[in-house]
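Coordinate inspection notes
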Amino acid sequence: MPNGKTHDKITYITTPIITLGTIFFTNITWGVIMFFSYLFSSMMFNGDLDTNSRPYNRWWIFKIIWIPYQLLFLHRSIWTHGFLIGTIIRILYIMPIIILIFISLNISIKVMDYQILLLIFIGLELGNSIHTLSDKIF
């Protein structure tokens, strides 16, 4: 299993490939959305949030929100490292916090274009999938 530095190197190598591939097959706007969602997933929103890891510590003072998550799930369980399910669980876990922030700041929650939401989800899932695959391969 790769350590945090190796996961970061894999991210640095795969991010331009995934971004340029998205731009090639779609457009630059979608490439930018994929870049940010994939990079965020790989660096801060992957399965290793269930431990005291680099992604967990990158949340700085906000890492406290992940403590219940760490208590709920075992490291490398299907719930944290599972394809699709790991990403879905983390999105469902953090969604109430995001909604509370929006409400407290009186920010209107508009319904986004479903294609953009799907693209963001794909970027988040790709980050999780490459992380999980590298754990299984190395």
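Refer to the preceding data block for the structure.
Residues numbered from 1 in each chain as written. Predicted model: local features only at pLDDT ≥ 70, side-chain atom pairs only at ≥ 80, totals over all residues. Heavy atoms only, no water.

1. Describing the packing of helix H6 (residues 85–104) against helix H7 (residues 114–137)
As a reminder of what qualifies: To obtain each axis, a line is fitted to C-alpha atoms, and for helices this fit is confined to the stretch in contact; angles are then taken between N-to-C directions over 0 to 180 degrees. Every helix listed is a DSSP run of H or I at least four residues long, and every strand listed is a run of E at least two residues long, numbered separately from the N terminus. We call two directions roughly parallel when the angle between them is under 35 degrees, roughly antiparallel when it is over 145, roughly perpendicular when it lies between 65 and 115, and oblique otherwise. By convention, the crossing between two helices is left-handed when the near helix turns anticlockwise from the far helix through less than a right angle, and right-handed when the turn is clockwise. Contacts were defined at the residue level, with two residues in contact if any of their heavy atoms lie within 4.5 Å. When residues are grouped by polarity, Ala, Val, Leu, Ile, Met, Phe, Trp, Tyr, Cys and Pro land in nonpolar, Asp, Glu, Lys and Arg in charged, and all others, Gly among them, in polar.
Orientation of H6 relative to H7, taken along the N-to-C sense of each, is 120°, at an axis distance of 9 Å. Relative to H7, the element H6 lies oblique. Here H6 and H7 pass one another in a crossing that is right-handed. Judged by residue contacts, Thr87, Ile88, Arg90 and Ile91 of H6 engage Phe121, Leu124, Glu125 and Asn128 from H7. Per-class residue counts for the contact of H6 with H7 are 4 nonpolar, 2 polar and 2 charged.

2. Things to note about the nonpolar core
Inclusion rule: Nonpolar cores were defined as sets of buried Ala, Val, Leu, Ile, Met, Phe, Trp, Tyr and Cys residues, with membership established by side-chain atoms within 4.5 Å. For every residue, the accessible area obtained with a 1.4 Å probe (protein chains only) is divided by the maximum for its type, and the residue is called buried under 20%, exposed over 50%, and partly exposed between those limits.
Formed by Phe45, Leu49, Tyr56, Trp59, Trp66, Tyr69, Phe73, Ile89, Tyr93, Ile94 and Leu124, the largest nonpolar core amounts to 11 residues. With 3 residues, H6 is the largest single contributor of residues to this core. Setting aside anything within four residues of it in sequence, one finds Tyr69 in contact with Leu49, Asp50, Trp79, Thr80, Ile89, Arg90 and Tyr93. Counting residues in hydrophobic clusters, the runner-up holds 5 residues, among them Ile18, Ile33, Met34 and Leu119.

3. Side note on the pattern of salt bridges
Oppositely charged side chains are able to pair whenever their charged atoms sit close together. Where we set the bar: Salt bridge, as used here, is a side-chain nitrogen of Lys or Arg placed within 4 Å of a carboxyl oxygen of Asp or Glu.
Applying the stated criterion to the full structure yields 3 salt bridges. A salt bridge links Asp8 to Arg54; its shortest N-O distance comes to 2.7 Å. Highlighted residues: Asp8 in helix H1 (residues 4–25) and Arg54 in helix H3 (residues 54–57), separated in sequence by 46 residues. The shortest N-O distance in the salt bridge between Arg76 and Asp135 comes to 3.6 Å. Placement of the pair is Arg76 in the loop between helix H4 (67–72) and helix H5 (78–81) and Asp135 in helix H7, with a sequence separation of 59 residues. Several salt bridges share partner residues, and in doing so they unite Asp8, Arg54 and Arg58 into one network.

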